[in-house]
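# Structural overview
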Amino acid sequence: MTSRTHDMVELIRRKRDGGRLDGEEIDWLIGTYAAGRVPDYQMAAFLMAVFLNGLDRAELGRLTAAMVASGDRLHLEGLSRPTVDKHSTGGVGDKVSLVLAPLLASVGACVPQLSGRGLGHTGGTLDKLEAIPGFRSDLSPSEVRSVLERVGCVICAAGPGLAPADRKLYALRDVTATVESVPLIASSIMSKKLAEGTAALVLDVKVGSGAFMRDLDRARQLGETMVAIGTEHGLRMAALLTRMDEPLGRAVGNGVEVEESVATLSGRGPKDLVELVVTLGAEMASLAGLEIAATADPKGELRAALDDGRALSVFREMVRAQTGDPDAPLPTARHRTLVTARAPGFVRAMDARRIGEGAWRLGAGRTKLEDPVSAAAGVVCLRRSGEPVEAGDPLLELRSDEPGRLGPVAEQLEDAVEIGPDPPAPRPLVLEVIRQ
Ligand code: URA
């Protein structure tokens, strides 16, 4: 890090007025902030200036590198298989990681999937896996490497040592209305992925009512920005923009999503989830140079690994390696209620955001990172878009440990499922692919 000191007020003023910072100034800013020598009120002003005026490519690359340099890196060199990971910007019912990591490991990749916990209406991969009795997601760097070597995949928390400057900045952005900035989101996500040490990365950038990015243009901008940062730092990268206006699969919640993931790993998955998993998987296989990428039908090869139990067997091994019991029953909710159709017709749309918020209010999600979550609470979509219904047919099953939560959520979800006289036109799940 630089030994020159800088005037923080001058850096804020320059960014406020549309100017740019040089590399050394960015290193100083991030290093000094991470060390606790720039106060939050000055960093908050700087973040707002970035929110309003953006960063150019050089500033963005250097900011990301400085966040990586603020902490440790996982050392994954020397593993016997190529490393490749996937990151999703978060959606409702998004259990893709639980299926994809063991699936790719079953066809020859090494998948270091460092994940997060849920906040607000989108669930977190770790909360889902922790519904499995005994499962541990807080592994040390040497445990991560050992599980990867033995099993071929690991799904665990990014430890506090990885990109600590991002952790501090993200907490500050959360309380200063500066989260929704493409350069700040892109550098935040990419700093963690670069510190993780994977050689290749596929991004699943969700678009729609249940996603962080509601419109396609902003999602494209985010995908392109992350692909550019990763490429500049030597990662093989691709980004898929995928539709998130309906829950993915039928299950939304922690234990229920594990159940649906296991069904998918056993060849019994819902069509949309399987399609997304094999599409992302084929992209990962190509970036990692796996043998299946050179076959005539990589997606077919991945479907076969789901159908014949290879992926399931890796999942069970991973759960055991992380001290979980893959045969233990998952927690079940003590109370349930149904939301039913008011009229006959076809399901035309299911509001992902409202269903995600419903699951969260039933106890599956949290408002603050320290809040506990229920493993058993959630929503199961008993009907999906395009399916016919009669009046009175059950549409959603709500599950909770606390009976008092069911009534208000049922009321809020009364019209979350739209019914009309005709089925909706088919909509593609993958909207665009961005490659480097
Ligand atoms: N997820 C992150 O890790 N960082 C952001 O800025 C937004 C979402």
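In this text the structure is predicted, and so the values were computed from the model without any measurement.

Moving on: the side chain of S88. Here S88 lies in strand β1 (residues 85-88). Polar side-chain contacts of S88 include one of 2.9 Å to the backbone nitrogen of G90. A polar side-chain atom of S88 sits 2.7 Å from a polar atom in the side chain of D94. If sequence neighbours within four positions are ignored, S88 has contacts with D94, D204 and K206.

What follows concerns the sheet that holds strand β12 (residues 417-420). Strand order in the open sheet formed by three strands is β10-β8-β12, with antiparallel pairing between adjacent strands. The strands lining the two open edges of the sheet, one partner per strand, are β10 (388-389) and β12. Sheet topology places strand β8 (residues 345-350) next to β12; four bridges connect them, and they run antiparallel. Looking at β12, one finds that A349 is bridged to E418.

Another aspect to go through is the site of the ligand. Inspection of the region around the ligand gives Y170, R173, I185, S188, I189, K192 and F212 as its neighbouring residues. A distance of 2.6 Å is found between a nitrogen atom of the ligand and a side-chain nitrogen or oxygen belonging to S188. Protein coverage of the free-state accessible area of the ligand, which is 240 Å², stands at 83%. Only α8 (164-174) and α9 (182-196) provide two or more residues apiece to the shell around the ligand. A total of four residues in the shell around the ligand trace back to one element, the largest contributor, which is α9. Classifying every residue of the shell around the ligand by side-chain character gives four nonpolar, one polar and two charged.

Its identity as a non-glycine residue notwithstanding, A177 has a phi of 55°, on the positive side. As for its placement among the helices and strands, A177 is situated in the loop between α8 and α9. Even without a glycine there, the phi angle at T323 is positive, about 60°.

Per the domain assignment, the segments of the protein are domain 1 (8-54), domain 2 (85-328) and domain 3 (335-420). When each unit is reduced to the centre of its C-alpha atoms, the spacing between domain 2 and domain 3 is 25 Å. Across the boundary between the two partners, domain 2 contributes 26 residues, which contact 30 residues of domain 3. Overall, the association of domain 2 and domain 3 removes approximately 2,000 Å² of surface from exposure, summing both partners, and the carbon and sulfur fraction of that is 48%. When residues of domain 2 are sorted by the area they lose upon contact with domain 3, H121, E246 and R250 head the list and together hold 30% of the total. If you look at where domain 2 meets domain 3, you find three salt bridges. A salt bridge links R250 to E387; the nearest nitrogen and oxygen atoms lie 3.2 Å apart. Counting the contacts that link domain 2 with domain 3 gives 16 residue pairs in polar contact (both at pLDDT 80 or more). Contributions of two or more residues to the side of domain 2 that touches domain 3 are made by β6 (251-253) and α11 (255-265). Among the elements that line the side of domain 2 that touches domain 3, the one with the most residues is β6, at three residues. Of the residues that constitute the side of domain 2 that touches domain 3, the class distribution is 10 nonpolar, nine polar and seven charged.

So, how was this worked out
Residues numbered from 1 in each chain as written. Predicted model: local features only at pLDDT ≥ 70, side-chain atom pairs only at ≥ 80, totals over all residues. Heavy atoms only, no water. Helix = DSSP H or I, 4+ residues; strand = E, 2+ residues; numbered from the N terminus. Polar contact = N/O pair within 3.5 Å; in protein donor to acceptor, adjacent residues only side chain to side chain. Contact = heavy atoms within 4.5 Å. Pairing = 2+ DSSP bridges. Near = heavy atom within 4 Å. Areas by Shrake-Rupley, 256 points an atom, 1.4 Å probe, with all protein chains shown as cover. Nonpolar A, V, L, I, M, F, W, Y, C, P; charged D, E, K, R; others polar. Domains from an automatic or database assignment. Buried area = accessible area lost by both parts, 1.4 Å probe. Salt bridge = Lys/Arg side-chain N within 4 Å of Asp/Glu carboxyl O.

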